[in-house]
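Next come the chains, spelled out residue by residue.
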Amino acid sequence: MENFQDEKQRELSFNKSDGTNKFLTTDQGVKINDDNNSLKAGERGPSLLEDFILREKITHFDHERIPERIVHARGSGAHGFFEVTNPIPELTKAGFLQEAGLKTPVFTRFSTVAGSRGSTDLARDVRGFSVKFYTQEGIYDLVGNNIPVFFIQDAAKFPDLIHAVKPEPHNEMPQAASAHDTFWDFISLMPESMHMIMWVMSDRAIPRSYRMMEGFGVHTFRLINEAGKSSFVKFHWKPKLGTHAVAWDEAQKISGKNPDFHRQDLWEAIDTGNFPEWELGVQIIPSEDEEKYEFDLLDPTKLVPEELVPVTIVGRMVLNKNPDNFFAETEQIAFHPGHVVPGIDFSNDPLLQGRLFSYTDTQLSRLGSPNFHEIPINRSVAPVHNNQRDGHMRQEINVGRVSYHPNSLGGGCPYQAKIAEGGFSSFEERVDAHKIRGRSESFADHFGQAKLFFNSQTSTEKSHIIKALRFELGKVETAAIRLRMLGLLSQVDRDLAEKVAVGLGMKVPSILETPLNHGVSPENENGNQESKTVASSVASSDALTMLKNPTNTPTIASRKVAIIVADGVSEAAVTNIKKALLKEDAKGCIIAKNLGTVVTDTDGEIHVDFSFLTASSVLFDAVYIPDGLGINTLIENDDLNEFLNDAYKHCKVIAADGAASAVLSIAPFASKITNQDDGMIINSEVASESFAQKFIAAMGKHRFWEREPNLYN
Ligand code: HDD
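Note that this is a predicted model, so its numbers are computed, not measured.

Draft legend 1. Expanded view of the overall build of the protein. Assigned secondary structure in the protein consists of 17 helices and 18 strands. Here the C-alpha radius of gyration of the protein, 28 Å, is about what a compact globule of 713 residues would show, namely 27 Å. The buried share of the protein, taken over its 713 residues, is 53%. Sequence separation of at least 24 residues holds for 75% of the intrachain contacts in the protein that already meet a minimum separation of 6. Working note: accessible area of the protein is about 32500 Å², and carbon and sulfur atoms make up 52% of it. Taken as two groups, the 73 positive and 97 negative side-chain charges of the protein have centres that lie 1 Å from each other.

Written out as structure tokens, the structure reads:
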């Protein structure tokens, strides 16, 4: 098969325009002579209706905005490619998975769910992880999240979930936050959400970077091979840089200091050649095993533990090109879980089935026309021929008189493809059932995997979950909602509930006071089902943690270090650390009291990247204060102290050498520093190779969480 990684780029380039060395024109191509003044009756007279140039410009401007996405409005995307490493023709006939080395162009968009388009990147929220594959057999969209399960089991509850989490309708507050009454009111009545709640209260919901998140297809899908045999599949994206988070206090501060933190991080990484990369993995469940597990494969609030079904890597995705135009590409891209190619099919997961309706419907109102597939970023690289016609903003000029099938006037064209010719055919699943509104009893376990998730976490991670719940429920004003939540949490882990309750100044209610129905109205006989706890056959799973996650490696590639300097700084120390960081593909940024330059100990000059005013510790992964007597002039500086305090509080590596060590020894947290804290590196020897290596090794551990008070122990 032809490798056509650049084909989408070629196609997009036909639609590109850049004004370099070109005349300014109207939309009709007429050259403009004066773009600064409207047409008037005399210099001080009224403007004339006749001014078609003014009217066109203003009219276009008035219509520049389109409705933002109902959910996942805030996001960022990039181009790249998917390359097969381990083909799986025995499992699927999908062409893009057939041959090792075959590359398919992709566009990937990451997002938060609840906030508006202009909201902060660092909200506590699920992250969307959508990949559009421009395959030779048509568009394939894998529209997933960075969390492998979901809040609800049936699409019928999706509008309720989203209404509950969005800003409250009477006053439109709070923005991009789940910490308010309506969200927790809904959750406290929906025991099926408890597994997802554990994930959302964990640090998965505050990633360090889009590049350091796992991705999941969430639902069980089907793969179909050439012989028509089907297997169930769960999709996983495993990040090359490991799975990492920031601290919650840090996330909130980042939201103020740089609400575009993730967007900028993705952009800069690609711009500087640090191309983000993920492996695509599959968990394959043979059809015969559909009912083998204690959970239902069709229930989207359940995952398949990797201990039961390992993840097999089939390929890798590299994002290597930023969009040229945010609106044209990232904003106008239209994903849809129903965009599948031959060899991939759906399961009967009722949440997925509802999604199959919702996405085209939403594009119709967001992009305004059934021709949204003609927008360059949405266009298939496989040829499109059919009898769909007309509609708003149709781009294609269909020639000929035939727009129906069957026809004889057009020679029967375009003609249908046989299955052997690549025609899509759905898996022939036998369905023989009563038509009912209800839920399978096999969906009634609402706590088994919530327990599995909580039990799998390290004590630091459990402590973070407790803190997150204290924060979120602490913002809830209605005591009855908090109480119901404590009741539900006690079903996951009594200790967890007790510890959250302490923070709320409340007592955990007894089981009898906890509503455990499906959250649907009790007057409906199908809704009376009681929640159950089915013990997971896996006691604990490292793949569910972030801190012991098998994706983690000690790499510090693309991490940022704040190097704090003042006049008299050791030039050797700065050069040495910058060189060492560069070798690891990490970056040192110079921060001083003011912008401009500082004078070094050898009378050289160092360019300052940020002042204390334009930088903040929360925007960096580690801090280094190099030797130099001048730094002592900053010892009383409040900005420096805040910088260091935050770095310490957020468990980052802090290092100083030579005379700069004095700054750390009188920092407000100095008394708390222990000999066991490998994240505090103080060295008397300046610019030594071993110091740089120690610093890099410590950064490779990401954070030294043991510094924090642990609420779980
Ligand atoms: Fe959805 C967008 C992921 C359930 C309805 N969804 C959207 C996006 C992602 C997801 C990543 C953003 C796509 C982009 O970047 O443009 N959604 C999920 C996942 C779900 C899920 C992983 C559960 C497993 N979604 C879900 C349900 C419904 C929707 C049950 C409706 C019944 N989702 C939508 C939508 C959106 C959307 C309203 C808004 C913008 C868009 O589709 O294009 O149709």
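Draft legend 2. Structural view of the sheet that holds strand S15 (residues 610–611). In spatial order, the strands read S15-S12-S11-S16-S17-S18; together these 6 strands make up an open sheet with parallel pairing. The sheet terminates laterally at S15 and strand S18 (680–683), the two strands that pair on one side only. With 5 bridges joining them, strand S11 (residues 560–564) and strand S12 (residues 587–592) adopt parallel strand pairing. Each residue of the ladder has a partner; that of Ile564, found in S12, is Ile591. Its contacts with the sheet place helix H17 (residues 689–699) against S11, strand S16 (622–625), strand S17 (653–657) and S18, and it is angled at close to 170 degrees to S17.

Draft legend 3. Region of interest: the nonpolar core. Residues Phe151, Trp184, Met194, Met198, Leu489 and Leu496 are the most contacted members of the largest nonpolar core, which totals 56 residues. Among the domains, domain 1 (75–378) and domain 2 (453–521 + 530–544) are the pair contributing at least three residues each to this core. Those residues in contact with Leu489 that lie beyond four places of it in its chain are Met194, Met198, Leu469, Leu473, Leu496, Ala497 and Val500. Residues Ala78, Tyr210, Phe221 and Leu352 belong to the second largest nonpolar core, which totals 36 residues.

Draft legend 4. Examining the coordination of the iron atom of the ligand more closely. In this structure, the iron atom of the ligand receives exactly one donor atom from the protein: Tyr359 (OH), at 1.9 Å. Secondary-structure assignment places Tyr359 in helix H9 (residues 350–366).

Draft legend 5. Structural view of the domain arrangement of the protein. Partitioning the protein into structural domains gives domain 1 (75–378), domain 2 (453–521 + 530–544) and domain 3 (560–707). Computed from C-alpha atoms alone, the centre-to-centre distance between domain 1 and domain 2 is 26 Å. On the domain 2 side, the residues contacting the 31 residues of domain 1 number 36 residues. Area buried by domain 1 at its contact with domain 2 is led by Asp181, Trp184 and Met198, which between them contribute 21% of it. Where domain 1 packs against domain 2, one counts 1 salt bridge.

Draft legend 6. Local environment of helix H3 (residues 158–165). Turning to H3, its buried residues are Leu161, Ile162, Ala164 and Val165. For H3, the angular spread of the buried residues around the axis is 160 degrees, confining them to a single face. Contacts made by the buried residues of H3 are with helix H4 (181–188).

Draft legend 7. How the structure looks around the packing of aromatic side chains. Inspection of the entire model under this criterion finds 28 aromatic pairs. With a centroid separation of 6.5 Å and an interplanar angle of 75 degrees, the aromatic rings of Trp199 and Phe216 are classed as edge-to-face. Taken as a pair, Trp199 in helix H5 (residues 194–200) and Phe216 in strand S5 (residues 215–216) lie far apart in primary sequence, 17 residues in all. Look at Phe216 and you get buried, because its relative accessible area is 6%. Centroid distance Trp248 to Phe471: 5.1 Å. Interplanar angle 85 degrees. Geometry classified as edge-to-face. Of the two residues, Trp248 is situated in helix H6 (residues 248–257) and Phe471 in helix H11 (residues 459–474); the sequence distance between them amounts to 223 residues. Taken together, the ring pairs in this structure connect Phe82, Phe96, Phe110, Phe129, Phe133, Tyr140, Tyr210, Trp237 and Trp278 into an aromatic cluster. Taking NZ or CZ as reference, Lys462 lies 5.3 Å from the ring centre of Phe454, over its face.

Draft legend 8. Region of interest: the environment of Lys93. For Lys93, the location among the structural elements is in the loop between strand S1 (75–84) and strand S2 (103–112). For Lys93, a relative accessible area of 15% translates into the label buried. Along the chain, Lys93 and Ile224 lie 131 residues apart, while their C-alpha atoms are 6.4 Å from each other. Ignoring anything within four residues of it in the chain, the contact list for Lys93 reads Gln98, Glu137, Ile224, Asn225, Glu226, Pro342, Gly343, Ile419 and Ser425.

Draft legend 9. Quick peek at the environment of Met699. Within the secondary structure layout, Met699 lies in helix H17. By relative accessible area, Met699 is classed as buried at 5%. Along the chain, Met699 and Gly423 lie 276 residues apart, while their C-alpha atoms are 52 Å from each other. The residues touching Met699, leaving out its near neighbours within four places in the chain, are Ile556, Arg559, Val561, Leu581, Asp621, Ala622 and Val653.

Draft legend 10. The arrangement of the pairing of S17 in detail. Most of S17 sits out of view: 5 of its 5 residues are buried. By the alternation rule, side chains of S17 split into Val653, Ala655 and Asp657 and Ile654 and Ala656, which are all buried. Relative to S17, S16 is paired through 4 bridges, and the arrangement is parallel. What sits directly across from Val623, in S17, is Ile654. As a crossover connection, the stretch from S16 through helix H15 (residues 638–649) into S17 is right-handed. Inspection of the sheet shows S17 paired to S18 by 4 bridges, in the parallel sense. By the bridge assignment for S18, Ala656 is matched with Ile682.

Draft legend 11. Examining the environment of Asn33 more closely. With respect to the secondary-structure elements, Asn33 resides in the loop between helix H1 (7–13) and helix H2 (52–62). Given a relative accessible area of 76%, Asn33 falls into the exposed group. On a C-alpha basis, the gap between Asn33 and Phe23 in space is 9.4 Å, while along the polypeptide they are 10 residues apart.

Draft legend 12. Region of the structure containing the site of the ligand. Around the ligand, 22 residues are found, and the nearest of them are Arg69, Arg109, Arg355, Tyr359 and Gln363. Between an oxygen atom of the ligand and a side-chain N or O atom of Ser358, the distance comes to 3.2 Å. Tyr359 places a polar side-chain atom, nitrogen or oxygen, 2.7 Å from a nitrogen atom of the ligand. Counting only elements with at least two residues in the shell around the ligand, the list comes to strand S3 (127–135), strand S4 (138–145) and H9. Sorting elements by how many residues they give to the shell around the ligand places H9 first, with 6 residues. Its residues placed into classes, the shell around the ligand shows 10 nonpolar, 9 polar and 3 charged.

Draft legend 13. How the structure looks around H15. End to end, H15 covers 16 Å across 12 residues, agreeing with the expected 16 Å (1.5 Å per residue, within 8%). The set of residues buried in H15 consists of Leu640, Asn641, Phe643, Leu644, Asp646, Ala647 and Tyr648. Backbone nitrogen of Asp639 and a side-chain oxygen of the N-cap are separated by 2.7 Å at the start of H15; the cap is Asn637. Of the residues one or two after H15, Cys651 is the one with positive phi, at around 65 degrees.

Cut-offs and rules
Residues numbered from 1 in each chain as written. Predicted model: local features only at pLDDT ≥ 70, side-chain atom pairs only at ≥ 80, totals over all residues. Heavy atoms only, no water. Helix = DSSP H or I, 4+ residues; strand = E, 2+ residues; numbered from the N terminus. Rg over C-alpha atoms; globule rule 2.2 N^0.38 Å. Buried < 20%, exposed > 50% of the residue type's maximum accessible area, 1.4 Å probe, protein only. Contact = heavy atoms within 4.5 Å. Areas by Shrake-Rupley, 256 points an atom, 1.4 Å probe, with all protein chains shown as cover. Lys, Arg positive; Asp, Glu negative; His and termini not counted. Charge placed at Lys NZ, Arg CZ, Asp CG, Glu CD. Pairing = 2+ DSSP bridges. Axes fitted to C-alpha atoms, helices over the stretch in contact; angles between N-to-C directions. Core = buried A, V, L, I, M, F, W, Y, C linked by side-chain atoms within 4.5 Å. Domains from an automatic or database assignment. Donors = N, O, S within 2.8 Å, 3.2 Å for Na, K, Ca; no water. Buried area = accessible area lost by both parts, 1.4 Å probe. Salt bridge = Lys/Arg side-chain N within 4 Å of Asp/Glu carboxyl O. Arc of directions from axis to C-beta. Phe/Tyr/Trp six-rings, centres within 6.5 Å; stacked < 30°, edge-to-face > 60°. Lys NZ or Arg CZ within 6 Å of the ring centre and 35° of its normal. Right-handed = clockwise from strand over helix to strand, strands pointing away. Near = heavy atom within 4 Å. Polar contact = N/O pair within 3.5 Å; in protein donor to acceptor, adjacent residues only side chain to side chain. Nonpolar A, V, L, I, M, F, W, Y, C, P; charged D, E, K, R; others polar. Expected span 1.5 Å × (residues − 1).

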